[in-house]
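Overview (structure and organization)
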Amino acid sequence: MSSIDIVRLDENPHESVNGIRDDTTSRGIDLEGATFTATYADGSTEILTWQALDPYTFGGATGENIDMSYGFEWHELSTTKLLTSLQIDLQPANSVFDTTFDMDDFPVGNSTPSSLNGYPFRLAPEYEDMPGDLTVTYSGIVNLAGSPAVGDLFTTMVVDFSKLPAGGLLGDLRWNSDIDTMRDAGDLVPSGVTCIARGTLITTDRGDEPVENLKSGCKVLTQDNGFQELILTMSRTVEANGLRKNPKLYPVRITAGAFGSGLPKRDLVVSRQHRMVVKSNIVKRMFGSTTVLVAAIRLTNLPGIYVEKTIESIEYFHLVFKKHEVIFAEGTPTESFLLNSDTQKTLSRAQRDEFVSLFPKVAEVGYIGWPAHTVPSRMMQKKLIQRHKKNAKNLLSL
């Protein structure tokens, strides 16, 4: 009988404001837009997009060596090439894997509200005696806005078939893992959105330009590589209702001069997870290098830096270069959009298609976009800022 090892990770956090729809039974058509990545024993991969196969129930994805379909209960999988792993990302389909079962009368719930009846990956009865071991890993943990993640909902599942006797799966398989669909389309986003607010002045070869005026092909000054060509700009507007429902979308305001040495030149407004350069002797002592990148929300313990909750709406902009760069916003060094397989999930489907067409490697399994400078852990970022505050040291003091 097959052994199934279920692993749940708290990596790549996502957030939902309104949670799961009342009808939690997801059909195959509800998975439309989800991405499936098949990795084979010879190292090759296929990346497929799930499509509805009829107006009511069934959906599926077909590649050169793999075919999948799903209606109400069992997923049907057939592969003509030795398959070592299958990754399924439901975030583009506004759906999640519900991996735990809870009871209505539990005094302390083990499940996110409205997601009681879940279960992890399981084989269909006729495959339960299949020899070998499977490892099923869930990531992209999901929480409701304003509450910590319970640990039952995830956007992504990876099934590792490499421990089967043949070194992978060849042929047919039926399996299931409970899936729920969010109540509202677009209401499932990564928590770490990094971007710059409309009106911010960016240093270019033509001087300081508002971020909303920048176009592909513009030359933007970078800290480490001179003027670099801007490849793509993208924007997202959050209206008052979205801000009220998801307070984490309120920006951080860094008031003029808060970094020291007159920087920023004017108030700088960025998203909570947008990273700023910190460069000091304290950084050097803690990390062995003079420069690190720290999320704006970690800076809010310092004078003149706070979450801005008085705005009624905000438009955020991403600036994309060939690689991650440090640019200058209101004269202050800050990051550009970091390219990787997770950050593209913050985009609309049209933006994502354009993004991947320009950077196809981002869609590859395991792609990691390397940051321009070290990004310390959340705890180490907090310790760094505490030391700057205690020693009254400017964030840019080298």
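Located above this text is the structure these notes cover.
Right, let's walk through the structure included here. The structure presented is a predicted model; accordingly, all values stated were derived computationally and were not measured.

About the cut-offs
- Residues numbered from 1 in each chain as written.
- Predicted model: local features only at pLDDT ≥ 70, side-chain atom pairs only at ≥ 80, totals over all residues.
- Heavy atoms only, no water.
- Helix = DSSP H or I, 4+ residues; strand = E, 2+ residues; numbered from the N terminus.
- Buried < 20%, exposed > 50% of the residue type's maximum accessible area, 1.4 Å probe, protein only.
- Contact = heavy atoms within 4.5 Å.
- Areas by Shrake-Rupley, 256 points an atom, 1.4 Å probe, with all protein chains shown as cover.
- 1 Å grid on protein atoms, 1.4 Å probe; cavity = no way out; pocket = protein on both sides within 12 Å on 5 of 7 lines; lining within 4 Å.
- Points joined across faces, edges and corners; volume = space filled by probe spheres on them.
- Nonpolar A, V, L, I, M, F, W, Y, C, P; charged D, E, K, R; others polar.
- Core = buried A, V, L, I, M, F, W, Y, C linked by side-chain atoms within 4.5 Å.
- Phe/Tyr/Trp six-rings, centres within 6.5 Å; stacked < 30°, edge-to-face > 60°.
- Lys, Arg positive; Asp, Glu negative; His and termini not counted.
- Salt bridge = Lys/Arg side-chain N within 4 Å of Asp/Glu carboxyl O.
- Polar contact = N/O pair within 3.5 Å; in protein donor to acceptor, adjacent residues only side chain to side chain.
- Pairing = 2+ DSSP bridges.

The secondary structure content of the protein amounts to 4 helices and 29 strands. A buried classification covers 50% of the 398 residues belonging to the protein. Sequence-distant contacts, at least 24 apart, represent 67% of the contacts inside the protein between residues at least 6 apart. For the protein, the accessible area works out to roughly 17800 Å², and carbon and sulfur atoms hold 49% of it.

Glancing now at empty space enclosed by the protein. In total, this model carries 2 cavities of 30 Å³ or more according to the counting rule given. As for the second largest cavity, its lining consists of Ser-16, Gly-19, Thr-112, Val-142, Asn-143, Leu-144, Leu-153 and Met-182. Residues that form the lining of the second largest cavity fall into these classes: 4 nonpolar, 4 polar and no charged.

Grouped together as the largest cluster of nonpolar side chains are 38 residues, with contacts concentrated most on Ile-202, Phe-259, Leu-299, Leu-319 and Leu-384. Elements with a contribution of two residues or more to this core: strand E22 (252-254), strand E23 (268-270), strand E24 (275-279), helix H2 (281-287), strand E25 (291-295), strand E27 (314-320), strand E28 (326-329) and helix H4 (378-390). The leading source of residues in this core is E25, at 4 residues. Tyr-40, Ala-93, Phe-121 and Leu-164 belong to the second-largest nonpolar core, a separate cluster that totals 37 residues.

Turning our eyes to something else, we now look at the packing of aromatic side chains. If you walk through the whole model with that rule in mind, you get 4 aromatic pairs. Relative to Trp-175, the ring of Phe-121 has its centre 5.4 Å away and its plane inclined at 25°; by these criteria the two rings are stacked. Here Trp-175 lies in strand E13 (residues 169-176) and Phe-121 lies in the loop between strand E9 (95-98) and strand E10 (122-123), a separation of 54 residues in the sequence. Each member of the pair, Phe-121 together with Trp-175, is buried. On the basis of an interplanar angle of 40° and a centroid distance of 5.9 Å, the ring pair of Tyr-138 and Phe-154 is categorised as tilted. With Tyr-138 in strand E11 (residues 133-144) and Phe-154 in strand E12 (residues 153-160), this residue pair connects regions lying 16 residues apart in the sequence. Classification of Phe-154 by relative accessible area gives buried; the value is 1%. Through a chain of ring-to-ring contacts, the aromatic side chains of Phe-97, Tyr-138 and Phe-154 assemble into a single cluster.

Next up on the list: the side chain of Arg-298. You can see Arg-298 is positioned in the loop between E25 and strand E26 (305-307). Of the side chains with opposite charge, Glu-335 lies nearest to the buried Arg-298, which makes no salt bridge, at 12 Å. Those residues in contact with Arg-298 that lie beyond four places of it in its chain are Arg-378, Gln-381, Lys-382 and Ile-385.

Following the sequence through the fold, Ser-16 ends up in strand E2 (residues 14-16). At 2.8 Å, the side chain of Ser-16 forms a polar contact with the backbone nitrogen of Gly-19. Setting aside anything within four residues of it in sequence, one finds Ser-16 in contact with Asn-143, Leu-144, Ala-145, Met-182 and Asp-187.

When charged atoms on two side chains of opposite charge get close, those side chains can pair. A full pass over the atoms with the stated rule returns 13 salt bridges. Among the ionic pairs, Arg-206 bridges to Glu-209, the shortest N-O distance being 3.5 Å. Classification of Arg-206 by relative accessible area gives partly exposed; the value is 49%. Between Asp-267 and Arg-253 there is a salt bridge, with its nearest N and O atoms 3.3 Å apart. Of this pair, Asp-267 sits in the loop between E22 and E23 while Arg-253 sits in strand E22; the two residues are 14 residues apart in sequence, bridging distant segments of the chain. The exposure class assigned to Arg-253 is buried, which follows from its relative accessible area of 18%. Because the salt bridges share partners, they merge into one network encompassing Arg-21, Arg-27 and Asp-30.

Let us now look at the pairing of E11. With 9 of its 12 residues buried, E11 lies for the most part within the structure. Bridge analysis of strand E1 (residues 3-8) against E11 gives 6 bridges, and the strand direction is parallel. The partner of Arg-8 across the bridge, within E11, is Tyr-138. Across 3 bridges, the pairing between E2 and E11 is parallel. Its bridge partner being in E11, Ser-16 is matched across the sheet by Leu-144. Where E11 lies against E12, 6 bridges are found, and the strand directions are antiparallel. In the sheet register, Thr-135 faces E12, and the bridge partner there is Asp-160.

Spatial relationships are all this shows, so hold off on functional conclusions.
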